[in-house]
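Residues per chain, in single letters:
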Amino acid sequence: MSDGQPSRRDFMIQAAGALTAYAVVPDLAGATSPVPTPPLKVGLIGAGRQGRAIVAELQKMAGVELCAVCDTVAGRLDAMLGRVKGAEGFADHRALLGQRPDVAALVVATPTHLHRAIVDDALGAGRHVYCESPLASTVDDCRAIAAAASRATTVCQAGFQGRSNPTYKRAQTLVRSELRDLVSIEARSHRKTSWRFPSSDPSLERLVNWRLDPDVSTGLAGEVAAQQLDVAHWFSGTYPVRIEGRGEIRHHKDGRTVPDTIDLQLRWADGLALQYHATLANSYGAQTETFYGVNGTIRLAWTHGWLFKEPDAPTQGWEVYATRQQHFNSEGIVLIANATQLAAQGDLKAGIGLPHPSLYYALEDFVRSATTGAPVACSAEEGARASIIGILANQAVIGRAPVDVPVFG
Amino acid sequence: MLLATAAMGTRFELTLAAGRSHDLRAAGEAALEEIAIWHRRLSRFAPDSLVSHLNREAHHRAVPLDAETFALFDDALSVWRASNGAFDIACAPLVTASGFAPSATSAESGPEPQRIPSPDTRMRARPSPRSARSTSDAIELDRTRWTVKFTKPGVSLDLGAIGKGHALDCAAAVLVAHGVTSALLHGGTSSVVTIGAPPGADGWRVALAGNWDVGVLTLVNSAMAISHTDSQRSASGASHIVDPRVGGARGPAASAVGAPRVVVTGPSARLADAWATALAVMGQIPDTLPAGYQARFENGHAT
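Residues numbered from 1 in each chain as written. Chains lettered and ligands numbered in written order. Predicted model: local features only at pLDDT ≥ 70, side-chain atom pairs only at ≥ 80, totals over all residues. Heavy atoms only, no water.

**Structural notes on the overall build of chain A**
Line of reasoning, step 1. Of the regular secondary structure elements, chain A holds 12 helices and 16 strands.
Line of reasoning, step 2. Split into buried and exposed, the 409 residues of chain A put 59% on the buried side.
Line of reasoning, step 3. A separation of at least 24 residues holds for 70% of the contacts in chain A among residues at least 6 apart in sequence. (Helix = DSSP H or I, 4+ residues; strand = E, 2+ residues; numbered from the N terminus. Buried < 20%, exposed > 50% of the residue type's maximum accessible area, 1.4 Å probe, protein only. Contact = heavy atoms within 4.5 Å.)

**A short note on the packing of aromatic side chains**
Line of reasoning, step 1. Scanning all chains against the criterion turns up seven aromatic pairs over all chains.
Line of reasoning, step 2. With a centroid separation of 6.5 Å and 25° between ring planes, the pair formed by Phe70 of chain B and Trp146 of chain B is classed as stacked. Placement of the pair is Phe70 of chain B in helix α3 (residues 67-82) and Trp146 of chain B in the loop between β4 (139-142) and β5 (147-150), with a sequence separation of 76 residues. Residue Phe70 of chain B shares its accessibility class with Trp146 of chain B, and that shared class is buried.
Line of reasoning, step 3. Members of the aromatic cluster, connected to one another through ring pairs, are Trp234, Phe235 and Phe291 of chain A. (Phe/Tyr/Trp six-rings, centres within 6.5 Å; stacked < 30°, edge-to-face > 60°.)

**Quick word on the interface of chain A and chain B**
Line of reasoning, step 1. At the junction of the two partners, chain A supplies 35 residues and chain B supplies 33 residues.
Line of reasoning, step 2. Roughly 2800 Å² is buried in total at the junction of chain A and chain B, and carbon and sulfur atoms are behind 52% of that figure.
Line of reasoning, step 3. Among the residues of chain A in contact with chain B, Arg52, Lys85 and Pro198 of chain A are the three that bury the most area, contributing 22% of the side total.
Line of reasoning, step 4. In this assembly, chain A and chain B are joined by three salt bridges.
Line of reasoning, step 5. When the shortest N-O distance is used, the salt bridge between Glu34 of chain B and Arg52 of chain A registers 2.8 Å. (Buried area = accessible area lost by both parts, 1.4 Å probe. Salt bridge = Lys/Arg side-chain N within 4 Å of Asp/Glu carboxyl O.)

**Some words on the nonpolar core**
Line of reasoning, step 1. The biggest cluster of nonpolar side chains holds 80 residues, and the ones touching the most others in it are Leu264 and Tyr276 of chain A.
Line of reasoning, step 2. Leu24, Leu157, Val180 and Ala276 of chain B belong to the second-largest nonpolar core, a separate cluster that totals 68 residues. (Core = buried A, V, L, I, M, F, W, Y, C linked by side-chain atoms within 4.5 Å.)

Below, the structure written as structure tokens:
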């Protein structure tokens, strides 16, 4: 409108946006970067690929200073120190803890089976800890980390990112309000990679390729599926009681024994079932979780999410103006980030997809908890349970026999 | 061994010539992952990319960068200065005004929204040349802190003319770090970087389609980029190369179908990429082309 007055259509769109925000919009109200004063000094333990991704997200946050990096592999440590301005390097996490008392928070991104000792030491030294998922590769280690966190006076957050992801947080409320009763769940992770990392030093081969070492690896079930299965635990509010699984080496026949393709079926006490498929031999579809309900379906893909309504489901007024995308013969309502503001600007479509990767939101929640005392997005206890589910799922795959899940107290 | 991934709206391929197969594949996959990382970081269409983050945040504060990204920006600004503004990473508003939409291609980043504007949307979005101008003089790099900040409103980054080369340079560095001594990497065939030479050969031979004074280039530990205005056009027929100096797709190389193509060779694919775009806009080879880089136009054309 040239006179600056909103037209009826503008008003309707803005009103629809506001309603949309209520119904399908991720809650970004608290998602701006916290700006602690003075900056939160953070140390990174584990300078591999995930460590690099963590650094990239921490660098986006005002008020966070990456002061220290630790890795036992000199080449990886040197490479990371070359990337980050002003960080001090350590080859041993205990040296970091002893020599840098100013580093208040640690992000642990080492191989999974090395987490326990580092988290124990860091919490014992009074530091806040963000531990990548899964928490550990054995049930005992998972429980030990949860126990250490319960004794600690500092924050310990498990890196199950779905619980921090704004799209997933909104989807969690929609599962109850829009889908009504859950019918079933499907999830998948498709990548095309050997899962093998290059190592120019043969003595480091086992350390570098720990995912392919059956003595310490929890396989695709523990290392990949656990992160996605936790979304189902969170949405359903309960844990499965029984897991069946099988795995095969469908493509990477290079002498490995850890399957490159797995299928899982998880069953809940009320009969709900989750079908899971992961492979390293095909990348189609990437990583998604789909929740089927009586009144609709929610499909999640980490930075994106959609709600598909059943034709006989009640229609809400805001749906007329919601942003939609076609998926073959189905039309999905897009879960839009920050839709209230975008609707006010008449540009809801610009909000398709989150403004940051999922990892950013998990780390942002950690920084907020460490600096303000806010509750952690995923506690060590919740992380331990999700990790144990992954470990048991791997046991079902390897043993080719169903595994009963213990009741978590 | 041939490995490939889809990224930056095109197909990247790696040809690895020698080595133990498991190790070679692992090194190649690490190189592909490097390309995927830069795809995710440099896309201006993906809202969760680093470039999108900078386009939102660097107007308000100095944002820290890692060493590789800082070096990328440093090189981009050096080419902007040396080309007298013919290459400019602050040209996103101009590219948008030309009607270019994101590609749906992604590197394991999941579904990517397609926001192809309708013709009428493009017409509305197209600003006048002068209002669309934003230049790299508003990009401030702090060498002591490795930060970037925008000092004028309206700056919006598009690294499409340097991103492929940068990703290839980084991927090649990964291969070298893991002991690969012979490889050719390319992005969409228009950006190439080589490591060593194929076994038994004196170099990687790259044929140029068209009418060039040298039809085949032999590359050894060097890079190549080719840029021309007909390679990509929007639905409205606009060239994907815009002339930042005049505020639109109206430089010598962008003015007409059939404008001369240019190929640049040199040590870095990143710089070759940027200079190929700069020269396509300029239509001539300036004295400021860095030492170690050669450029030639198709049909020997250079004005």
